[in-house]
Protein chains: 6
Amino acid sequence: MPPDSKPTGLVVSAHPGDFVWRAAGAIALHVKKGYRVKIVCLAYGERGESQWAWKKAGVTMAEVKAQRHAEAQRAAEVLGAEIEFFDAGDYPLKLTEAMLDRLVDIYREVKPSFVLTHALEDPYNGDHPEAARFAQEARVIAQAAGHKPDPERSYAAPPVFLFEPHQPEQCNFKPNVILNIDEVWETKRKAFEVLAAQKHLWEYYTRVALNRGMQGGRNSGRAMTYGEAYQRLFPTILDELK
Amino acid sequence: MPPDSKPTGLVVSAHPGDFVWRAAGAIALHVKKGYRVKIVCLAYGERGESQWAWKKAGVTMAEVKAQRHAEAQRAAEVLGAEIEFFDAGDYPLKLTEAMLDRLVDIYREVKPSFVLTHALEDPYNGDHPEAARFAQEARVIAQAAGHKPDPERSYAAPPVFLFEPHQPEQCNFKPNVILNIDEVWETKRKAFEVLAAQKHLWEYYTRVALNRGMQGGRNSGRAMTYGEAYQRLFPTILDELK
Amino acid sequence: MPPDSKPTGLVVSAHPGDFVWRAAGAIALHVKKGYRVKIVCLAYGERGESQWAWKKAGVTMAEVKAQRHAEAQRAAEVLGAEIEFFDAGDYPLKLTEAMLDRLVDIYREVKPSFVLTHALEDPYNGDHPEAARFAQEARVIAQAAGHKPDPERSYAAPPVFLFEPHQPEQCNFKPNVILNIDEVWETKRKAFEVLAAQKHLWEYYTRVALNRGMQGGRNSGRAMTYGEAYQRLFPTILDELK
Amino acid sequence: MPPDSKPTGLVVSAHPGDFVWRAAGAIALHVKKGYRVKIVCLAYGERGESQWAWKKAGVTMAEVKAQRHAEAQRAAEVLGAEIEFFDAGDYPLKLTEAMLDRLVDIYREVKPSFVLTHALEDPYNGDHPEAARFAQEARVIAQAAGHKPDPERSYAAPPVFLFEPHQPEQCNFKPNVILNIDEVWETKRKAFEVLAAQKHLWEYYTRVALNRGMQGGRNSGRAMTYGEAYQRLFPTILDELK
Amino acid sequence: MPPDSKPTGLVVSAHPGDFVWRAAGAIALHVKKGYRVKIVCLAYGERGESQWAWKKAGVTMAEVKAQRHAEAQRAAEVLGAEIEFFDAGDYPLKLTEAMLDRLVDIYREVKPSFVLTHALEDPYNGDHPEAARFAQEARVIAQAAGHKPDPERSYAAPPVFLFEPHQPEQCNFKPNVILNIDEVWETKRKAFEVLAAQKHLWEYYTRVALNRGMQGGRNSGRAMTYGEAYQRLFPTILDELK
Amino acid sequence: MPPDSKPTGLVVSAHPGDFVWRAAGAIALHVKKGYRVKIVCLAYGERGESQWAWKKAGVTMAEVKAQRHAEAQRAAEVLGAEIEFFDAGDYPLKLTEAMLDRLVDIYREVKPSFVLTHALEDPYNGDHPEAARFAQEARVIAQAAGHKPDPERSYAAPPVFLFEPHQPEQCNFKPNVILNIDEVWETKRKAFEVLAAQKHLWEYYTRVALNRGMQGGRNSGRAMTYGEAYQRLFPTILDELK
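So, here is what we can say about the structure in this document. The shown structure was predicted, so the numbers you read here are calculated from the model rather than taken from an experiment.

Tallied over the entire structure, the rule returns 60 aromatic pairs over all chains. Taken together, a centroid distance of 6.3 Å and an interplanar angle of 85° make the contact between F:Y107 and F:Y155 edge-to-face. Highlighted residues: F:Y107 in helix α4 (residues 97-110) and F:Y155 in the loop between α5 (127-141) and β5 (160-163), separated in sequence by 48 residues. For the pair F:Y107 and F:Y155, a shared accessibility class is recorded, and that class is buried. Through pairs of rings, three or more aromatic residues link up here, namely A:W21, A:W185, A:F192, A:Y204, A:Y205 and A:Y226.

Listed below in structure tokens is the structure:
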């Protein structure tokens with residue numbers, strides 16, 4: 001079986017914390033099912049998501065970025081995923097044409113059967129909707145026959161699942177999918193623990209997972225404990241209603 | 001295998017035309033897959049959906065209702081579904097406590113794995129949202145342990161799919177599911193033809209099916225010709241993102 | 001020219017104040033253009049809209065209703081409109097099947113080319129959305145061939161315009177029509193003055209008219225001073241874009 | 001100081017669980033601040049919220065209702081609040097004119113400075129929005145000068161705060177207030193424990209309180225641990241922006 | 001009569017296909033009524049809308065653009081409209097300050113009585129909302145007295161009509177205008193046929209026109225066969241309600 | 001008491017008129033209460049808001065800007081506020097990275113307890129939502145530990161209040177706060193009169209203030225005459241419900 005015959009998933013994350021808190025369950029679950037999962041981490045969260053690092057006297061930007069790079073790398077390893085860093089700068093993200101071009105190439109190379117990214121609105125963090133806009137733009141350009149034309153290429157734009165923001169109602173996030181992550185919960189929790197400086201968020205997002213799990217049980221009548229909520233953007237095409 | 005081990009579906013339709021134009025594909029498809037599908041037809045559309053019948057001089061209400069009853073029965077037969085009539089009266093529907101009680105019993109007896117009903121708003125036809133409200137109310141009451149208590153009973157409230165109204169945008173209907181009905185299209189079309197007096201709608205809803213089919217193809221990258229659009233109301237619980 | 005060849009308009013108002021503050025401009029304007037305009041006033045506002053009347057010691061409900069009846073009658077006369085009272089009781093409206101039947105008959109008799117009624121939501125006054133719901137229900141039933149069948153009858157459901165509530169944003173009211181009422185402003189103001197006990201509202205709704213007028217000027221580039229805002233519910237069918 | 005010079009609050013709850021899970025923090029907090037708080041409990045949740053009770057062979061409706069009555073009474077005592085039961089029946093609520101009249105009297109007698117009730121939508125439980133609609137209708141009728149006229153009466157409709165439903169996004173619930181309940185958390189937790197059969201919900205709603213608390217801290221920059229989320233329906237009138 | 005005394009219309013289209021599928025009826029209809037209609041075609045759709053062209057081995061970008069230019073030119077001729085190309089590049093559109101300046105000049109020169117452009121959202125094609133944003137920005141700047149000041153100039157910002165996107169509900173497109181295009185349907189169809197490579201869309205958009213036509217008939221009670229749906233953005237100022 | 005121990009407010013206004021018509025009441029009120037209030041005026045409105053100035057033959061851009069600068073300065077003085085001009089250019093605003101950096105510094109220096117800015121949408125004026133976006137972006141970046149790191153710094157992002165646009169419903173503006181500005185109304189009116197060329201707006205916004213005042217009275221049961229409406233963006237954290 002050639003390597004690229006594996007099913008694949010793509011995650012476009014503004015900062016390292018995002019793919020860990022919001023999507024680590026989906027990543028670990030699909031890896032466990034045999035998917036190749038690739039994370040594109042647009043920035044290191046070096047300015048807006050690294051308060052503890054800046055408390056050290058004399059620390060430099062390069063040091064903070066290196067620290068967050070290492071952390072994100074370890075978290076991806078825990079989850080079994082590949083990761084590529086765009087180093088776009090955060091607060092705000094500074095996404096260039098070259099980065100867009102690179103992300104289009106990644107879509108075409110990975111041919112993901114799903115893409116995970118941020119909610120479309122987030123009044124607490126402008127990098128999040130900007131990452132979502134960028135992920136969507138690249139997804140569509142990858143379809144364009146006249147972008148780096150190649151008659152051999154096959155690519156179909158994948159479904160998009162938005163992951164849960166920190167304060168879902170303030171972001172007008174309305175989940176229509178709850179993913180059962182029971183069988184990979186321990187892995188998700190281990191990825192949390194890589195982000196050693198943010199212990200308060202370990203507990204916060206553990207509670208989110210438990211409450212989404214209970215909601216999943218109520219909506220399905222099936223036993224489940226841990227869930228991850230997503231908002232699917234485009235219609236699902238079904239052969240049977242369920 | 002006992003007869004009730006078949007998977008089942010339930011359709012709550014205000015008038016006969018509704019289950020034909022809006023849900024005949026889903027009904028025929030699931031029947032073909034081995035489902036038992038039951039239609040509850042709340043009214044005969046005798047006042048609001050039978051213009052042609054009233055053109056006959058001296059026709060009575062009883063005659064019009066009998067005619068629509070026969071038509072709906074034949075359409076259900078074409079689709080392979082059971083049908084039960086509530087004769088609630090139309091324009092407006094006059095739904096009673098006894099009817100609610102009966103629909104709760106049906107939910108508990110059928111144990112559907114999905115329920116199909118109307119969109120939640122329809123400024124052109126007040127019977128439609130009223131039918132949807134009624135279908136939802138019964139679905140929830142059927143869960144209540146204290147309603148006709150029976151410790152043996154098993155019932156889990158099924159997912160709800162709203163079918164497409166005549167003018168979807170005016171009803172704030174936003175489809176998130178497109179069902180591929182290619183393999184039962186001929187059957188759906190035959191059900192249309194049972195409604196012999198409404199030929200203009202045969203063509204209208206054939207065009208709807210073709211356009212939803214093309215949208216289904218665009219959203220999935222899969223070949224398909226005929227579609228039926230639905231709006232799923234509650235989150236789907238998934239073990240894999242797709 | 002037979003009397004019923006005049007164009008006509010219908011106004012369904014919960015209480016007397018409503019057609020005066022919210023729609024008197026439209027009424028007077030169309031009367032001036034030769035329309036027959038009929039107002040259906042569902043209740044006298046005897047409980048919720050007559051504070052001053054209840055300050056008189058020993059006043060009875062019958063007296064309050066008579067007083068509001070007379071006031072509404074005079075206001076309709078000032079505007080040149082017919083008025084019919086349903087005396088449904090206010091706070092809350094108690095609308096019966098007989099009243100629904102009567103309103104359906106009115107639609108069929110008047111054959112209005114437009115109907116004016118309340119906004120669909122109003123958290124300050126439940127009678128208002130109830131009146132709107134009732135007006136819409138009757139409008140649709142009047143189309144039903146099987147309701148009091150009569151092959152001679154001609155009736156087409158008219159466009160619905162919702163008039164402006166007291167606090168438009170809280171009612172999710174979004175105007176898409178501003179009616180220029182400059183040529184009947186004096187008449188509208190005279191109708192205000194019939195409601196002698198509510199002087200503070202004379203000024204409030206004069207300011208509303210002036211501000212809607214300025215908005216009308218900005219949206220059209222045309223000079224105008226007084227406006228009345230409406231939300232048209234159904235699509236307009238046009239032969240030319242304007 | 002006369003007893004009715006205390007500030008007061010009113011809670012309109014469909015079932016006993018609702019005021020405990022959703023509003024016990026607000027109740028205990030205002031009691032602690034010296035408010036008189038009155039709970040109106042419309043139904044006992046005897047059919048829809050008492051699964052465990054119905055597991056006992058031969059139990060009767062009267063016994064289940066008595067059990068839930070006692071539980072709700074104890075929970076109100078723990079919180080320091082008064083409670084009045086309407087025994088309206090649940091699933092669905094059967095609210096009568098006499099109950100509406102009684103609730104109007106309560107508004108006028110209590111003169112609450114706030115009212116707490118359910119979210120306006122809840123596709124999982126039709127009793128919840130029905131309770132909210134009823135609470136709002138009574139709140140407005142209580143203002144009507146012509147309802148049981150009494151020139152001595154003083155009453156101003158209080159602000160309405162909607163409490164958090166089980167699955168907030170599915171109910172289109174968007175909190176705009178987070179109440180800091182740190183100083184009464186232990187009391188809220190004790191009220192949970194009165195509902196002895198629903199231990200899984202003790203933990204669920206403890207997690208909700210912790211996560212709303214962290215969101216409260218993020219939105220205010222103030223330290224806090226436990227929060228209760230509310231959606232305020234009407235504009236706040238302020239003398240200073242904060 | 002001087003040439004500029006004709007009424008005029010302006011169409012701002014992202015790609016050639018857009019003005020054909022979505023607005024050809026309005027263009028042909030107003031041309032027939034004596035309007036001067038000008039189309040601004042921002043890009044050739046050379047990358048995203050020209051799949052067939054890229055199937056030819058060795059084809060260059062310049063050739064594809066020339067081919068689409070010719071096609072768009074012919075379609076405009078069929079419709080009787082002028083066309084100006086901005087050659088902004090597609091997927092994504094790269095709109096410059098010079099292009100904005102040029103579009104402002106066009107607004108001032110054409111003085112359109114209406115402008116047609118794209119829906120405000122389109123998750124399938126980012127060029128569409130970008131074109132709409134650009135058309136609106138230029139429309140407002142053209143009003144600014146301090147932009148290329150000229151006291152002789154007369155210009156009033158025209159009403160904006162958004163044309164129907166491919167999947168209207170996914171774009172939150174809600175039509176409030178249906179234009180009757182019966183008398184120019186043959187011309188619209190001829191413009192379709194200029195886009196020779198996209199035969200599947202000829203049929204798709206013919207079905208759209210037929211279904212919008214039937215909806216137009218239902219909403220107006222008037223006979224009509226073909227319609228084009230629009231969403232009017234700003235309030236209409238009326239002298240008579242219709 | 002050191003000068004920076006005063007409470008403070010920040011206003012981010014696209015053009016001079018905006019802070020006068022929309023926020024002068026809040027500015028004057030908080031100044032009267034002892035706040036330091038700082039206005040950031042992004043552009044002079046030199047192109048889009050200075051029609052009268054451009055009527056003078058031969059006037060230059062520099063002259064128009066100087067005139068508007070003087071006017072805005074005087075209005076700020078009348079209100080007792082500081083003002084800083086960014087001279088970003090209007091129609092459209094051209095906001096640079098340096099300006100963003102400066103606004104972040106201002107947030108950190110002023111440490112406002114509230115920030116006032118524009119509504120998030122405004123189809124009549126693209127500068128308004130752009131100003132709001134910019135104000136929000138800077139507000140969040142000011143929190144970032146890695147932006148100009150300084151362990152001594154204290155800053156918490158303040159609540160955001162959006163002020164009322166010219167046509168609130170068209171901007172989807174829904175006020176949830178009405179500020180009582182009775183005690184500073186004369187000052188607000190004096191600030192209007194500084195804008196000597198826009199007398200028609202003096203009256204328009206006086207009517208807005210009176211109508212918001214009456215709405216404030218209705219919502220609170222308190223006497224008040226003049227109001228300013230705001231939409232608070234983030235949840236309020238409360239210790240008591242009111």
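As a further point, take the packing of helix α1 (residues 16-32) of chain A against helix α3 (residues 61-79) of chain A. All names here are of chain A. Relative orientation of the contacting elements α1 and α3 amounts to 20°, with a least axis distance of 9 Å. As judged from the angle between their axes, α1 and α3 are roughly parallel. With respect to the hand of their crossing, α1 and α3 are arranged in right-handed fashion. The segment α1 lies against α3, with P16, G17, F19, V20, A24, I27, A28 and V31 engaging R68, A72, A75, A76 and L79. Among the residues making up the contact of α1 with α3, the classes are represented as 11 nonpolar, one polar and one charged.

Moving on, we come to the sheet that holds strand β8 (residues 236-238) of chain F. Working definition: the strands of a sheet are paired by backbone hydrogen bonds and lie parallel or antiparallel to each other. Spatial strand order, β3(D)-β2(D)-β1(D)-β4(D)-β5(D)-β7(D)-β6(D)-β8(F): eight strands in an open sheet with mixed pairing. Whereas interior strands pair on both sides, the edge strands pair on one side only; in this sheet they are β3 (82-85) of chain D together with β8 of chain F. Direction aside, neighbouring strands of the sheet carry axes that sit 30° apart on average. Direction of pairing for strand β2 (residues 36-41) of chain D relative to β3(D): parallel, over a ladder of four bridges. Across the sheet, D:I39 pairs through a bridge with D:I83, a residue of β3(D). Taken strand by strand, helix α5 (residues 127-141) of chain D contacts β1 (8-13), β4 (115-117) and β5 (160-163) of chain D, and its axis lies near 155° from that of β4(D).

Mapping chain F onto chain D leaves a residual RMSD of 0.0 Å; the transformation is a rotation of 180° accompanied by 0.0 Å of translation along its axis. Such a turn and shift between the copies fits a two-fold axis. Ranked by how close their C-alpha atoms come to the rotation axis, the residues of chain F are headed by F:N176, at 4.7 Å.

The subject of this paragraph is the packing of helix α4 (residues 97-110) of chain A against helix α5 (residues 127-141) of chain A. Residue and element names in this part refer to chain A. Running from N to C, α4 and α5 cross one another at 60°; their axes reach a closest spacing of 8 Å. Taken together, α4 and α5 sit at an angle that is classed as oblique. Of the two possible hands of crossing, α4 and α5 adopt the one that is right-handed. Judged by residue contacts, M99, L100, L103, V104, Y107 and R108 of α4 engage F134, A135, E137, A138, R139 and I141 from α5. Residues that form the contact of α4 with α5 fall into these classes: nine nonpolar, no polar and three charged.

On the basis of which strands lie adjacent, the open sheet formed by eight strands has the order β8(D)-β6(F)-β7(F)-β5(F)-β4(F)-β1(F)-β2(F)-β3(F) and mixed pairing. Each having just a single partner strand, β8 (236-238) of chain D together with β3 (82-85) of chain F make up the two edges of the open sheet. The sheet shows a mean angle of 25° between the axes of neighbouring strands, taken without regard to direction. Here strand β6 (residues 177-180) of chain F runs beside strand β7 (residues 227-232) of chain F; their pairing, made up of four bridges, is antiparallel. Across the sheet, residue F:N180 finds its bridge partner in β7(F), namely F:G227. Sitting on the sheet, helix α1 (residues 16-32) of chain F is in contact with β1 (8-13), β2 (36-41), β3, β4 (114-117), β5, β6 and β7 of chain F, with an inclination near 100° to β7(F).

Each value, and the rule that gives it
Residues numbered from 1 in each chain as written. Chains lettered and ligands numbered in written order. Predicted model: local features only at pLDDT ≥ 70, side-chain atom pairs only at ≥ 80, totals over all residues. Heavy atoms only, no water. Phe/Tyr/Trp six-rings, centres within 6.5 Å; stacked < 30°, edge-to-face > 60°. Helix = DSSP H or I, 4+ residues; strand = E, 2+ residues; numbered from the N terminus. Buried < 20%, exposed > 50% of the residue type's maximum accessible area, 1.4 Å probe, protein only. Axes fitted to C-alpha atoms, helices over the stretch in contact; angles between N-to-C directions. Parallel < 35°, antiparallel > 145°, perpendicular 65-115°, else oblique. Left-handed = near helix turned anticlockwise from the far one by under 90°. Contact = heavy atoms within 4.5 Å. Nonpolar A, V, L, I, M, F, W, Y, C, P; charged D, E, K, R; others polar. Pairing = 2+ DSSP bridges. Least-squares fit on C-alpha atoms with pLDDT ≥ 70 in both.

Any link to function would need more than the numbers given here.
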